[in-house]
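A look at the structure
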Amino acid sequence: MYTRPLLFLGLIAVLATGRPAAAWAQTTSPVATPNLPPTAAPPAPVPAPTPAATAKRLPAGRPKYIRLATEAADQPVLRRYRLRPVAADTLAALRTVRELVLALQADAYLTASADELRWRGDTLLAQLYVGERFRWARLQPGNVGDDLLSRSGFRERVYRGQTMSPADLARLQQRILTTAENEGYPFAQVRLDSVQLTGSEVAATLVLDRGPVVVFDSIQIVGNTKTRKRFLTRYLQIEPNQPYSQQRVEGADRLLRQLPYLQLRAEPEVRFARGRARLFLLLDDRNANQFDAIVGVLPNPSPTVGQKKVQLTGDVTLNLRNLGGSGKQLGVQWRKVDVASQLLDAGYQHPNFLGSPLDVGATFNLFKQNNDFLTLRPRLQVGYATPRAGRLSLFLEQRNSRLLADSTFRTRTALPSNIDSRYTAYGLDYALSSLDDPYFPRQGWLLLAQGAVGNKTISKNPELKPELYEGLPLRSTQISLSSRLERYFRLGKQGVILARVRGEALLNQRLFLNDLFRLGGLSTLRGFNELDFYAGQYGVGTVELRQFTGPEAYVFVFADQAYLRRGLPGQTGEDAPTGLGAGLSFRTGAGVFQFVYSTGRTSTQRFALNASKIHFGITSRF
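First, a word on scope: everything that follows refers to the structure included in this document. (Residues numbered from 1 in each chain as written. Predicted model: local features only at pLDDT ≥ 70, side-chain atom pairs only at ≥ 80, totals over all residues. Heavy atoms only, no water.)

1. Side note on the environment of Ala188
Position of Ala188 among the secondary structure elements: in the loop between helix H6 (166-181) and strand E6 (189-198). For the pair formed by Ala188 and Leu208, sequence separation is 20 residues and the distance between their alpha carbons is 7.1 Å. (Helix = DSSP H or I, 4+ residues; strand = E, 2+ residues; numbered from the N terminus.)

2. Concerning the sheet that holds strand E1 (residues 64-69)
The strand order across the open sheet formed by 4 strands is E2-E1-E4-E3, and the pairing between neighbours is mixed. Every interior strand has two partners, whereas the edge strands, strand E2 (86-87) and strand E3 (113-120), have only one. In this structure, E1 lies alongside strand E4 (residues 123-129), joined through 5 bridges in parallel fashion. Paired with Tyr65 across the strands is Thr123, a residue of E4. (Pairing = 2+ DSSP bridges.)

3. Considering the sheet that holds strand E5 (residues 135-140)
Pairing is mixed across the open sheet formed by 3 strands, whose spatial order is E5-E7-E6. Every interior strand has two partners, whereas the edge strands, E5 and E6, have only one. Neighbour to neighbour, the strand axes of the sheet diverge by 25° on average, direction disregarded. As defined by bridge partners, E5 adjoins strand E7 (residues 201-209) across 5 bridges and the pair is classed as parallel. Looking across to E7, one finds that Leu139 is bridged to Ala204. Contacting E5, E6 and E7, H6 crosses the sheet at an angle of about 145° to E6. (Axes fitted to C-alpha atoms, helices over the stretch in contact; angles between N-to-C directions. Contact = heavy atoms within 4.5 Å.)

4. Quick notes on the nonpolar core
Residues Leu236, Leu256 and Leu281 are the most contacted members of the largest nonpolar core, which totals 36 residues. Those elements that place two or more of their residues in this core are strand E8 (215-222), helix H7 (229-236), helix H8 (246-257), strand E9 (262-264), strand E11 (276-285), strand E22 (495-507), strand E26 (553-565) and strand E28 (591-601). Beyond its immediate sequence surroundings of up to four residues, Leu256 is in contact with Leu232, Tyr235, Leu236, Leu262, Leu264, Leu281 and Leu283. Membership of the second largest hydrophobic core comes to 22 residues, among which are Leu139, Leu169, Leu172 and Leu206. (Core = buried A, V, L, I, M, F, W, Y, C linked by side-chain atoms within 4.5 Å. Buried < 20%, exposed > 50% of the residue type's maximum accessible area, 1.4 Å probe, protein only.)

5. Re the pairing of strand E16 (residues 358-369)
With 9 bridges connecting them, strand E15 (residues 342-350) and E16 associate as antiparallel partners. In the strand pairing of E16, Gln349 is matched with Gly361. Across 12 bridges, the pairing between E16 and strand E17 (residues 373-386) is antiparallel. Paired with Asp359 across the bridge in E17 is Gly383. Taking the residues between adjacent antiparallel strands as the criterion, E16 and E17 are bridged by 3 residues, where Asn370 takes a positive phi near 45°.

6. What to know about the layout of surface pockets
Here the second largest pocket defines a volume of roughly 430 Å³. Gln263, Arg286, Asp436, Asp437 and Pro438 are the residues nearest the centre of the second largest pocket, which is lined by 20 residues in total. Breaking the lining of the second largest pocket down by element, the ones donating at least two residues are H8 and E9. Here the element with the most residues in the lining of the second largest pocket is E9; it accounts for 3 residues. (1 Å grid on protein atoms, 1.4 Å probe; cavity = no way out; pocket = protein on both sides within 12 Å on 5 of 7 lines; lining within 4 Å. Points joined across faces, edges and corners; volume = space filled by probe spheres on them.)

7. A closer look at helix H4 (residues 90-106)
Because the α-helix completes a turn every 3.6 residues, residues three or four places apart line up on one side. Taking 1.5 Å per residue as the helical rise, H4 with its 17 residues ought to reach 24 Å, and the 25 Å between its terminal C-alpha atoms agrees with that figure. Taken residue by residue, H4 has Ala92, Ala93, Leu94, Thr96, Val97, Leu100, Val101, Leu104 and Gln105 as its buried positions. Of the residues flanking the start of H4, the one acting as N-cap is Asp89, its side-chain oxygen 3.3 Å from the backbone nitrogen of Leu91. (Expected span 1.5 Å × (residues − 1). Polar contact = N/O pair within 3.5 Å; in protein donor to acceptor, adjacent residues only side chain to side chain.)

And the structure:
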């Protein structure tokens, strides 16, 4: 499918030099063909002499030396390449000469060659020919259209009087072919025509043989899956009768791997017939509907009357994916953070909204902190996924927080640490992933980033004295930023190292406690109580070593290191908590069981067994 137009250019250069091949005769060592084509290299050595003769001339274990013989005019050129005159063995010496010839050809000395190679004891004598450096006289676009040339980055003036680089020409050809492949011509070829050689200047014309035009026929699903063809057609953006696009075919593999409810048995295959291309997807359904029930056992550091010394926390999650084979998703999560605090998350995602490649989603978050405040956060977003550039979403979010009734409000002489407020923001959300598995990754990386800006409005609580709000900016601009980067590295056959960095920042001229981010617990900072820390800005770094004992079973040890800052007036609240621990995860008949033991340290708390945390639970997928 791809051409190698420089092969015959080298032959033309050989004919122009008029150097006879007879000069290569009478060699007793590996020889090369004179004046090699510009993309070729000296061939492999001829069969070696008998072991006895080799041992006499080339003693084993001794270094080999390289001496170059060349014309005086070529010596300044060779000095730039800094050839190493000593090699470890015979093959290394030959390889060094070969690499030098290739480097010369890549730098436009297209007729460079090793004309004679001869061994004298432990020294390799190489007769090297450098030749002239070729330049472009001109490279004309030929029948390649202006639109195609523009998108491939071709500029005719760039090739006038410039050095002729084989690598640059190959990249130009590849860009033209790639553009043609994505416009319905998968069998296109690019070549040089009307080649003229004047001294060391080359003039040529680009010629594009497009071949037959090809359009997409349909998608065929092979395997045990309930996923509808209509959904995959729109999700992959491969519609019937559209021009064939190699980029979309290659991107289908990446997009399908991002769907947690599908498993690819093999890469997508394309079959061509009568100007049409049919894409075959080898898919099986994967258990992705999720039901989690996790119980946490935490010590109560300061039990009051009627409270126990041990607290039980809970986390129940229900996720339904690929509803009816249409890719729709519905999820609900409830968490009991402590005795009187609860959190509820709900979300829905609708792909291919109204037949478009866009997906629409909505989420709802509720957080109740003891008897202090209640926060509601609804969100509406529209997203678009691409195979290479990742997924980009636009969203509108509102955050309403109100204080719960408190009998001390009327007697207060200062504002409480929490406040009634409303924050309406517009933002961007971006995700990019190369993970080989969404649940048990062994390699790859994950990038998540989000930014939002909006107006924050503080409401006066009727239970508080109005004069307490004097001097407080009731309307202000607030910015929120968050990011997360994960990288998985293979370690041996079954080992995996996870390196992760994540953080968030809230920027506003006046923050209150119920504005801040919450972290701590199994999902953010292990070794501490759930949502134990308040932070206006924080960062958490994680290193985790996993040793897999099966496809879905592993043991692990981890270290979490965080830095957090509250940023409240008069309360910088800086700390650097550390969490250490270990755990295991394996599949049972009821689901994936996970057990985590961890302990933490802060500026006011040391590592202690009596303050350690134990989390265990079962994740059931069906």
